[in-house]
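Chains, contacts and geometry: an overview
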Amino acid sequence: EREKFRLLRRVSATETPDDLQALTQELLERFGPPPPEVERLLLAQEVRIVAGHAGFASITGAERPGSVLTEVPGARGIERLLARGVVARKLTEERVFVPLEGTHGSEATVRALLAALRPRTAD
């Protein structure tokens, strides 16, 4: 149990995609292919990292399939999303709804959100 909590803390402490990738590789080498729960944890951390780098403080679900993103004040994350052509509806100055296909929280939906948040090389 102690090792499990130590590893969970390490996952939650990663701050860059490269750090998360290195930790994922380490876990793969030490323990083999991760169970689905660990894959979901790593994917969720990747979304948090990418969202933070894109200028968003939080991501929440919505009644319709999609996510509501709350921008860090002054980060211009919403502006960059819209400029890249991401389909989104601005709810307030700091909040935007990004519609996503599929079931809320499904791996496909989370990966679609991740793709929307990732900057393109020209950004």
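For the structure, see preceding data.
Criteria and thresholds
Position numbers for residues start from 1 in each chain and track the written sequence from start to end. pLDDT decides what is reported in this predicted model: residues at 70 or higher carry local features, side-chain atom pairs at 80 or more are listed and counted, and totals for whole chains, interfaces and linings draw on all residues regardless. To obtain the side-chain values, all non-hydrogen atoms of the structure were included, while hydrogens and water were left out. Here the rule is simple: two strands pair whenever DSSP picks up at least two bridges between them. To qualify as a helix, a DSSP run of H or I must reach at least 4 residues; to qualify as a strand, a run of E must reach at least 2; elements of each kind are numbered from the N terminus. The rule for a salt bridge is simple: a side-chain nitrogen of Lys or Arg has to be within 4 Å of a carboxyl oxygen of Asp or Glu. The buried label goes to any residue with under 20% of its type's maximum accessible area, the exposed label to any with over 50%, and the partly exposed label to all in between, with areas taken from a 1.4 Å probe on protein chains only.

Notes on the sheet that holds strand 3 (residues 89-90)
Taken together, 4 strands build an open sheet; the order of strands is 1-2-4-3 and the sheet is antiparallel. Bordering the open sheet on either side are strand 1 (56-61) and strand 3, each of which pairs with just one other strand. Direction of pairing for strand 3 relative to strand 4 (residues 95-99): antiparallel, over a ladder of 2 bridges. Considered in strand 4, the bridge of Arg89 is made with Phe97.

A closer look at the pattern of salt bridges
Scanning the model with the defined rule gives 8 salt bridges in all. The salt bridge partner of Glu26 is Arg30, with a shortest N-O separation of 3.6 Å. One end of the pair is Glu26 and the other is Arg30, both in helix 2 (residues 17-31) and 4 residues apart, which spans about a single turn. The exposure class assigned to Arg30 is partly exposed, which follows from its relative accessible area of 43%. Connected via shared salt-bridge partners are Glu3, Arg6, Arg10, Glu26 and Arg30.

A short note on the pairing of strand 2 (residues 66-71)
By the criterion of burial, strand 2 is predominantly enclosed, with 5 of the 6 residues buried. Two strands pair when backbone bridges link them, and strand 1 and strand 2 are joined in this way by 5 bridges, in the antiparallel orientation. Of the residues in strand 2, the one forming a bridge with Ile59 is Leu69. Two elements, strand 2 and strand 4, share 5 bridges in a ladder whose sense is antiparallel. When the bridges of strand 4 are listed, Gly66 appears paired with Pro99.

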